[in-house]
Amino acid sequence: MAFGQPRIEYKTNEQMRIMHQAGLVLSRALDAAVAAAKPGVTTKDLDDVFAAVLNDAGAKSNFLGYHGFPATICTSVNEEVVHGIPGSKLLQDGDIISIDGGCIVDGWHSDSARTVIVGTADPEDQRLSDVTEAAMWRGIAALATGKYVGDIGNAIDDYVSSVQGKPLGILEDYVGHGIGSEMHMAPDVLNYRTGHRGPKIRPGLCLAIEPMLVRGDIETATLDDDWTVVTTDGKRSCQWEHSVAVHDKGIWVLSAADGGAAQLVPLGVVPVPIP
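Within every chain, residues take consecutive numbers counted from 1 along the sequence as written. Whole-chain, interface and lining totals are the exception, using all residues; otherwise, since this is a predicted model, local features are given only for residues with pLDDT of at least 70 and side-chain atom pairs are given and counted only at 80 or more. Only hydrogens and water are removed before side-chain values are computed, so all heavy atoms of the structure are retained for them.

Caption draft 1: Expanded view of the overall build of the chain. What counts as a helix is a DSSP run of H or I of at least four residues, what counts as a strand is a run of E of at least two, and both are numbered from the N terminus. In terms of regular secondary structure, the chain is built from 5 helices and 14 strands. Radius of gyration here is computed from C-alpha atoms only, and the compact-globule reference equals 2.2 Å multiplied by the residue count raised to the power 0.38. In summary, the chain has a C-alpha radius of gyration of 17 Å against a globular reference of 19 Å for 275 residues, a match within 12%. Viewed in the frame of its principal axes, the chain has a C-alpha envelope of about 45 × 45 × 40 Å. Looking at the chain residue by residue over its 275 residues, the buried ones come to 53%. Expressed as a percentage of contacts within the chain between residues at least 6 apart in sequence, the contacts between residues at least 24 apart total 70%. Summing over all exposed atoms, the chain offers an accessible surface of approximately 11,700 Å²; the carbon and sulfur share of this is 51%. Here Asp and Glu are counted as negative and Lys and Arg as positive; His is not counted, and neither are the chain ends. Throughout, a charge is located at the NZ atom of Lys, the CZ atom of Arg, the CG atom of Asp or the CD atom of Glu. Averaging the locations of the 21 positively and 36 negatively charged side chains of the chain gives two centres separated by 8 Å. Working definition: with a 1.4 Å probe on protein chains only, accessible area under 20% of the residue-type maximum means buried, over 50% means exposed, and in between means partly exposed. Should any heavy atoms of two residues lie within 4.5 Å, those residues are considered in contact. Computed with the Shrake-Rupley method and a 1.4 Å probe, the accessible areas treat only the protein chains shown as cover for residues.

Structure (C-alpha cells):
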C-alpha cells in the first residue's frame, strides 16, 4: 500500500506479450462459446465448449475455483448482470447472454466478455448490446488518448448519455480493474463520470475495461447462490469487456486478435503491437 492506495503493478513488454498470448487463447475460446449459444443449448454446454479451447491450448482457467467459483465462464442471462453460474438453464430464442471468461498463460492473466442475443433479437436488446460494446471501445480509446484512468469512465459515461432513445443505466456497483499476475488488481476502472481522476496512465499499465449497462434501474441484488447478480426490477442487462495494455509506443487490446484495430481506427486510435 502507498498512501493508503493499493499498489499498481506495471508490466514489462515481455510480460505484456505473454498476456497477449493469454488474450488470444481467450479470444478463440469466446469465439467458440458465442458460436455455440443457440436455442436449446444449456449454459453448461457453453462452459464445456470454452473449457475445451483452453485445454487444447494448454492454458489454465482463472475463473474456475476463484473464491470457489465452480466454472470456467460466467453466463449471465437476461436480468442476470454478472457472475451467472453455468448449469442446466436452456437458452431460449430471444435471450440475451453475457459470456465472461479468462485464462492464464505462464502466470499471466486475460479477461474478456461478450454479449450475444440468442436467435431472434428484440431491437431494444440489440440496442443495449450495441451501445454497451460501443461504450467499451470509447473507454479503450480514452486509455490511448487520456492522461488519467478516470478519463475512461468519463468517455464511457459521455457516450452512453449521448445516445438517442430511451436512456440506459450504467451499473456503479461493478467496475473494471487492473490485470496482470492476478485477475483482479488495482486500480478500479469506473464506467461513469466522477470528480476523481484516478492514477496517471503510463506504460506498463494493463486494464480490463468492462462497462455493464441495463435497460432499467441500476439497483442490483445477489441471488442465494452468492454469485449471480440480477437487476432488482427484472430488466435486461449487458456486459462487454476487453483487457488492454499500455506500452511506450501506444496501446494494444490484449484480448482481440487484431489488437482492437477494427474498432479503434474509426475512433482515431491506431493500436500498436507490443514491442
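Caption draft 2: Highlighting the packing of aromatic side chains. Aromatic rings from Phe, Tyr and Trp, taking only the six-membered ring of Trp, are treated as a pair when their centres fall within 6.5 Å; an angle between ring planes under 30 degrees marks them as stacked, one over 60 as edge-to-face, and anything in between as tilted. Applying the stated criterion across every chain yields a total of 1 aromatic pair. Ring geometry for Phe 69 versus Trp 227: centroids 5.0 Å apart, planes at 80°, classification edge-to-face. Highlighted residues: Phe 69 in the loop between helix H2 (43-57) and strand S1 (73-77) and Trp 227 in the loop between strand S10 (220-222) and strand S11 (229-231), separated in sequence by 158 residues. Like Phe 69, the residue Trp 227 is buried in the burial classification. Each ring is checked for a lysine NZ or an arginine CZ that lies within 6 Å of its centre and within 35 degrees of its normal; such an atom marks a charge sitting over the ring. Sitting above the plane of the Tyr 148 ring, Arg 197 keeps its charged end 4.2 Å from the centroid.

Caption draft 3: Representation of the packing of helix H3 (residues 123-145) against helix H4 (residues 150-162) in the model. A fitted line through C-alpha atoms serves as each axis, taken over the contacting stretch for helices, and the angle formed by two N-to-C directions is quoted from 0 to 180°. The N-to-C vectors of H3 and H4 enclose an angle of 145°; their axes lie 8 Å apart at closest approach. As H3 packs across H4, the resulting crossing turns out to be right-handed. Residues Val 131, Ala 134, Ala 135, Arg 138, Gly 139, Ala 142 and Leu 143 of H3 form the contact with H4, whose participating residues are Asp 151, Ile 152, Ala 155, Ile 156, Tyr 159 and Val 160. Gly is placed with the polar residues, together with every amino acid not listed as nonpolar (Ala, Val, Leu, Ile, Met, Phe, Trp, Tyr, Cys and Pro) or charged (Asp, Glu, Lys and Arg). Residue composition of the contact of H3 with H4, grouped by class: 10 nonpolar, 1 polar and 2 charged. For any helix crossing, the convention is left-handed if the near helix is rotated counterclockwise from the far helix by under a right angle, and right-handed if that rotation is clockwise.

Caption draft 4: Summary view of H3. Helix span, expected: 1.5 Å multiplied by one less than the number of residues in the helix. Compared with an ideal rise of 1.5 Å per residue, which puts 23 residues at 33 Å, H3 spans 33 Å between its outermost C-alpha atoms and is within 8% of the ideal. With a side-chain oxygen lying 2.7 Å from the backbone nitrogen of Glu 124, the N-terminal cap of H3 falls on Asp 122. Counting of polar contacts relies on pairs of N or O atoms within 3.5 Å, with two restrictions inside protein: one atom must be capable of donating a hydrogen and the other of accepting it, and residues adjacent in sequence are counted only when both atoms are side-chain atoms.

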